[in-house]
Amino acid sequence: MESPLLSTPGAVPADSPDAQVAAHYGEPSAEQRALATGAAVVDRSNRGVVRVAGADRLRFLHSLTSQHLESLAPHTPTEALLLSPHGHVEHHMALVDDGEAVWAHVEPGTAGALAEFLDRMRFLMRVEVTDETASYAVVTLAGVAPPEDALRTTDGLIVPRDTLDRDWHARLAGLWAHEALRIAAHRPRFGLDTDHRTIPHEAGWIDVAVHLDKGCYRGQETVARVQNLGRPPRRLVFLHLDGSVDHLPAHGDPIEFGGRTVGFVGSAARHYELGPVALGMVKRNTPVEETLLAGGVAASQEIIVSPDTGSTVKIDLRRR
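So, a few notes on the structure that sits alongside this text. (Residues numbered from 1 in each chain as written. Predicted model: local features only at pLDDT ≥ 70, side-chain atom pairs only at ≥ 80, totals over all residues. Heavy atoms only, no water.)

1. Here's the deal with the pattern of salt bridges
Link 1 in the chain: Summed over all chains, the structure comprises 19 salt bridges.
Link 2 in the chain: The salt bridge involving R234 is made with E202; its shortest N-O contact spans 3.2 Å. In this pair, R234 sits in strand 13 (residues 234-241) while E202 sits in helix 5 (residues 200-203), placing the two residues 32 residues apart along the sequence.
Link 3 in the chain: Judged by its relative accessible area of 1%, E202 falls in the buried class.
Link 4 in the chain: By sharing partners, the salt bridges in this structure join D18, R47, E107, E179, R182, R189 and D193 into a single network. (Salt bridge = Lys/Arg side-chain N within 4 Å of Asp/Glu carboxyl O. Helix = DSSP H or I, 4+ residues; strand = E, 2+ residues; numbered from the N terminus. Buried < 20%, exposed > 50% of the residue type's maximum accessible area, 1.4 Å probe, protein only.)

And the structure:
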């Protein structure tokens, strides 16, 4: 659904998968500074919103996802992953319970598939799953108090879609601003900084979206095996790109070292202080101190996921 804020004078649509919202409103740098240090609102209404209501909603989601949700208190934001049977990430959800239902927002175009899957898994549980994307939207608001009708998640607010054009008492900032700050904060985005093979350890989601001591859930075997016995095959890195180059690497461009492809570029942006930056997924054993080529652009690494992530048992044995 195209956002009504795209009709704002100066609005320029973002690229896929975010084409329904604005990349910027004519002043990208100023918008980014406002979001980082002032008062700004980012329209992210292209994201999907799913609602799970009913008396068994927390127990239901607890049994399916990577997060401990059975005793989640109302209005406590958290994150969760839905994994494949082999432990690959299928959905990354920012969610919150309002006391009557759990609300989750997900990547553009994925809410329908998520709602359909959850509905199929209900069996005899007292839950009702609905795709609320047509009625509710996600925004990021900084520097001012959120409106009373907003639900706060770890990654933005869920608000009624028909209130998007309200007076936010903040400057409109485009998605370029949001993405630059997200990348600089080392926060991966599902589907851009991950692929169909990504497991939670590789993206650094273990600390924020996975509870390592909860009961069984789909894909748990892979999480436990990597956590206790071995290291993930890849790791997420933050890349400082050569600022003398006049373009950013594209999503999916190869990351190379020593003439070999060792990974791929996820998201890239121009940060108002750091300059051109990106997130990438590389092989675990890629040397951490070496300069890489990201889509042909020289890039130095900053570690997000350590090469030793998930090797607790091996490290303990080695130190004894």
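Anyway, onward from the coordinates.
2. Some points on the side chain of H271
Link 1 in the chain: You can see H271 is positioned in strand 15 (residues 260-271).
Link 2 in the chain: Within polar-contact distance, the side chain of H271 engages the backbone nitrogen of L274 at 3.1 Å.
Link 3 in the chain: Once you skip the residues sitting within four places of it in the chain, H271 turns out to touch Q32, A180, L181, A184 and V277. (Polar contact = N/O pair within 3.5 Å; in protein donor to acceptor, adjacent residues only side chain to side chain. Contact = heavy atoms within 4.5 Å.)

3. Quick look at the nonpolar core
Link 1 in the chain: With 22 residues, the main nonpolar core has V50, V52, M93, L95 and L118 as its most contacted residues.
Link 2 in the chain: Put simply, the parts of the chain that give this core at least two residues each are strand 4 (48-53), helix 2 (57-64), strand 5 (78-83), strand 6 (89-97), strand 7 (101-106) and helix 3 (111-120).
Link 3 in the chain: With 5 residues, helix 3 is the largest single contributor of residues to this core.
Link 4 in the chain: Leaving out residues up to four positions away in the same chain, V50 has contacts with V102, W103, A104, A111, L114, A115, L118, V129, T130 and E132.
Link 5 in the chain: Counting 12 residues, the second largest nonpolar core, distinct from the first, contains V237, L239, V282 and L292. (Core = buried A, V, L, I, M, F, W, Y, C linked by side-chain atoms within 4.5 Å.)

4. Some remarks on the packing of helix 1 (residues 28-37) against helix 4 (residues 175-184)
Link 1 in the chain: Following both chains from N to C, one finds helix 1 and helix 4 inclined at 55°, their axes separated by 8 Å at the closest point. Classed by the angle they form, the pair helix 1 and helix 4 counts as oblique. For the element pair helix 1 and helix 4, the recorded crossing hand is right-handed. On helix 4, the residues that touch P28, E31, Q32, L35 and A36 of helix 1 are W176, A177, H178, A180 and L181.
Link 2 in the chain: The class makeup of the residues in the contact of helix 1 with helix 4 is 7 nonpolar, 2 polar and 1 charged. (Axes fitted to C-alpha atoms, helices over the stretch in contact; angles between N-to-C directions. Parallel < 35°, antiparallel > 145°, perpendicular 65-115°, else oblique. Left-handed = near helix turned anticlockwise from the far one by under 90°. Nonpolar A, V, L, I, M, F, W, Y, C, P; charged D, E, K, R; others polar.)

5. Quick word on the packing of aromatic side chains
Link 1 in the chain: Inspection of every chain in the model, using the stated rule, returns 1 aromatic pair.
Link 2 in the chain: We note R166 situated over the ring of W168; from NZ or CZ to the ring centre the distance is 4.7 Å. (Phe/Tyr/Trp six-rings, centres within 6.5 Å; stacked < 30°, edge-to-face > 60°. Lys NZ or Arg CZ within 6 Å of the ring centre and 35° of its normal.)

6. A closer look at the environment of L69
Link 1 in the chain: Take L69: it is sitting in the loop between helix 2 and strand 5.
Link 2 in the chain: Taking the C-alpha atoms as reference points, L69 and D97, 28 residues apart in sequence, are found 9.7 Å from one another.
Link 3 in the chain: With near-sequence residues (within four places) excluded, L69 lies in contact with L58, L61, H62, T78 and L95.

7. Focus on the sheet that holds strand 16 (residues 275-283)
Link 1 in the chain: The strand order around the closed barrel built from 6 strands is 13-16-15-14-17-18, with neighbouring strands paired in antiparallel fashion. Mean inter-strand twist for the sheet, computed between neighbouring axes without regard to direction, equals 40°.
Link 2 in the chain: By the bridge criterion, 5 bridges tie strand 13 to strand 18 (residues 297-303) in an arrangement that is antiparallel. Bridge pairing links V237 to I303 in strand 18. (Pairing = 2+ DSSP bridges.)

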